Amino acid sequence: MFDLIGRRRWFFLFSAIITIPGVIFILLTPITGGRIGLNFSIDYTGGTIWEVHFAGQTPDPAAVRQVLVDAGVEGPQVAITDGPRGQYVLMRMPPIGLIEAAPPSVAPSVAPSSSAGASASPGASPSAGASAEPSPSPTPGAVTGIALPTEGHPGEITAALEAAFGPIDDVSQATVVGPIVSRDLINQALILILAGSLGIVAWITLRFQDVRMGVTALASLLHDVLVVVGAFAILGTFFRVQIDALFVTAMLTVIGFSVHDTIVVFDRVRENRYRHAGEPFSAIVNHSLLQTLGRSINTSMTVVITLTALLLFGGEATRWFVLALLIGIVSGTYSSIFNASPLLVVWHERDDRRRQAQLTAARAAR
């Protein structure tokens, strides 16, 4: 029978290898002021959001991103969304200045001009001396009443976009996310992750009546969180991949999926402790791991295949969300099998040695 528990030191070493580099990049984030490590989107740092519709085409997000970079915007995020006029371009940028634009005026369809001594009344046909002038081109934001700025650096960005992709005939949103809102989002994200993790640990402890199972499950969750966040810290350093609001959703999903496999193994451990009473605890856990190994891998592989398809053929807007899920699912499967259960064995064996030492000391005292 293959001894997984006997090789636990190799599994712990592998976990250290894949987590320590990420932890280093995470710690470098505050030290370097964000130049190295996690790269937060404007959801958490504050910035500017534009969502516009181009009259002639729906440009490629990569092309829009390049135009923004050429216009002096650092680290823009671009995605395609749906709106009242079809497909819109959603741009998330660092603060580029206040958005100050007069609301667009609605031009009349025909602007009559009067000749000498004569005037055109509303609804009347132009006289012989009057000429009909064509109405001006639609002002950007004519549908929603929102206009992009035309002066300063924001105005230069607007001009660069229209020069590259044609006129903007609708603006569905042009807003600025302030630092106070961003700070509130960070606090809410941390509370969500902390509350979810503690709730899972409390339920496992209550369900199995063993605090050691709850704590080792928490250690497995911490491993998965560090792997995913560390991976994005490395990606943020070298590829400027940003953490946005969807990343918190991905982390909560990873936490739930990771603990799912851990509960399955722990439940089998509880059953085998009665079936194999008298055997060493490490052997019981090893039996349980081998009995659930195929199920855990098969379940995870179906999810991995689906996420891989989404990563390769899905849209730009969900690419990094799917990548976070993919890394977390793989890490969660590994930690549930090769971290949580071996840690439980280490804790049990340490308690057994301590009790044996206390018993030996009590007998010697007699």
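It should be noted that the structure appears before, not after, this text.
Remember, predicted model here, so these are calculated numbers, not experimental data.

(A) How the structure looks around the overall build of the protein. Scanning the protein from N- to C-terminus turns up nine helices and eight strands. Out of the 366 residues belonging to the protein, those deemed buried represent 38%. Nonlocal contacts in the protein, meaning residues at least 24 apart in sequence, comprise 77% of its contacts between residues at least 6 apart. A total accessible area of about 19,400 Å² is found for the protein, and carbon and sulfur atoms account for 64% of it.

(B) A look at the sheet that holds strand β4 (residues 86-93). Across the sheet, which stays open at both edges, the four strands sit in the order β3-β4-β2-β7 with antiparallel pairing between neighbours. Each of the sheet's edge strands pairs with one partner strand only, and the pair in question is β3 (77-83) and β7 (168-177). Recorded for the sheet is a direction-independent mean angle of 20 degrees between the axes of neighbouring strands. Contacting β3 and β4, helix α3 (residues 61-70) crosses the sheet at an angle of about 130 degrees to β3. The strands that helix α4 (residues 152-165) touches are β2 (47-54), β4 and β7; relative to β2, the one it contacts most, it runs at about 30 degrees.

(C) Structural detail: the side chain of Asp351. Inspection of the secondary structure puts Asp351 in helix α9 (residues 319-365). In this structure the side chain of Asp351 is engaged in a polar contact, spanning 2.9 Å, whose partner is the side chain of Arg212.

(D) Fine view of a nonpolar patch on the surface. Together, Trp10, Leu13, Phe14, Ile17 and Ile18 give the surface a local cluster of nonpolar side chains, amounting to about 530 Å² of exposed area. With respect to the element layout, Ile18 can be found in helix α1 (residues 8-31). For Ile18, a relative accessible area of 33% gives the class partly exposed.

(E) Looking closely at the pattern of salt bridges. In the structure shown here, the tally under the stated rule is nine salt bridges. As a salt-bridge pair, Asp210 and Arg212 come within 3.2 Å of each other at their nearest N and O atoms. Residue classification places Asp210 among the buried positions, given a relative accessible area of 9%. Classification of Arg212 as buried rests on a relative accessible area of 17%.

(F) View of the pairing of β4. Across five bridges, the pairing between β2 and β4 is antiparallel. By the bridge assignment, Trp50 is partnered in β4 with Met91. Alignment of β3 against β4, held across seven bridges, turns out to be antiparallel. Bridge pairing in β4 places Thr81 opposite Tyr88. Connecting β3 to the antiparallel partner β4 that follows it, the hairpin turn spans two residues.

(G) Expanded view of the side chain of Gln77. Mapped onto the secondary structure, Gln77 falls in strand β3. Side chain to side chain, Gln77 and Gln242 meet in a polar contact 3.4 Å long. Discounting residues that sit within four places of it in the chain, Gln77 has contacts with Ser41, Leu90, Met91, Arg92, Gln242 and Asp244.

(H) Molecular detail of helix α7 (residues 245-275). For α7, with 31 residues, the first-to-last C-alpha span of 47 Å sits near the 45 Å given by 1.5 Å per residue. N-cap assignment for α7: the residue whose side-chain oxygen lies 3.2 Å from the backbone N of Leu246 is Asp244.

(I) Fine view of the packing of α3 against α4. Remark: α3 packs on α4, axes separated minimally by 10 Å, with the N-to-C direction vectors making an angle of 140 degrees. By the angle class used here, α3 and α4 are oblique. Relative to α4, the crossing made by α3 is right-handed. For the pair formed by α3 and α4, the contact residues are Ala63, Val64, Val67 and Leu68 on the first element and Ile157, Ala160, Leu161, Ala164 and Phe165 on the second. Class assignment for the residues of the contact of α3 with α4 results in nine nonpolar, no polar and no charged.

(J) View of the packing of aromatic side chains. Evaluated as defined, the whole model comprises seven aromatic pairs. Between the aromatic rings of Phe14 and Tyr334, the centroid separation amounts to 5.3 Å while the plane-to-plane angle is 65 degrees, which identifies the pairing as edge-to-face. Taken together, the positions of Phe14 in helix α1 and Tyr334 in helix α9 put the pair 320 residues apart, joining distant regions of the chain. For Phe14, a relative accessible area of 41% puts it in the partly exposed group. You can call Tyr334 buried: its relative accessible area is 15%. Plain terms: the ring middles of Tyr334 and Phe338 are 5.1 Å apart, the flat faces sit at 40 degrees to each other, and that makes the pair tilted. Remark: Phe338 and Tyr334 occur in helix α9; sequence separation between them is four residues, near one turn of the helix. The pair formed by Tyr334 and Phe338 is uniform in burial state, with each residue classed as buried. Seen from the ring of Phe208, Arg207 lies directly overhead, with NZ or CZ sitting 5.9 Å from the centre.

Scoring rules and cut-offs
Residues numbered from 1 in each chain as written. Predicted model: local features only at pLDDT ≥ 70, side-chain atom pairs only at ≥ 80, totals over all residues. Heavy atoms only, no water. Helix = DSSP H or I, 4+ residues; strand = E, 2+ residues; numbered from the N terminus. Buried < 20%, exposed > 50% of the residue type's maximum accessible area, 1.4 Å probe, protein only. Contact = heavy atoms within 4.5 Å. Areas by Shrake-Rupley, 256 points an atom, 1.4 Å probe, with all protein chains shown as cover. Pairing = 2+ DSSP bridges. Axes fitted to C-alpha atoms, helices over the stretch in contact; angles between N-to-C directions. Polar contact = N/O pair within 3.5 Å; in protein donor to acceptor, adjacent residues only side chain to side chain. Patch = residues over 30% accessible without salt bridge, like charges linked within 9 Å, V, L, I, M, F, W, Y side chains within 5 Å. Salt bridge = Lys/Arg side-chain N within 4 Å of Asp/Glu carboxyl O. Expected span 1.5 Å × (residues − 1). Parallel < 35°, antiparallel > 145°, perpendicular 65-115°, else oblique. Left-handed = near helix turned anticlockwise from the far one by under 90°. Nonpolar A, V, L, I, M, F, W, Y, C, P; charged D, E, K, R; others polar. Phe/Tyr/Trp six-rings, centres within 6.5 Å; stacked < 30°, edge-to-face > 60°. Lys NZ or Arg CZ within 6 Å of the ring centre and 35° of its normal.

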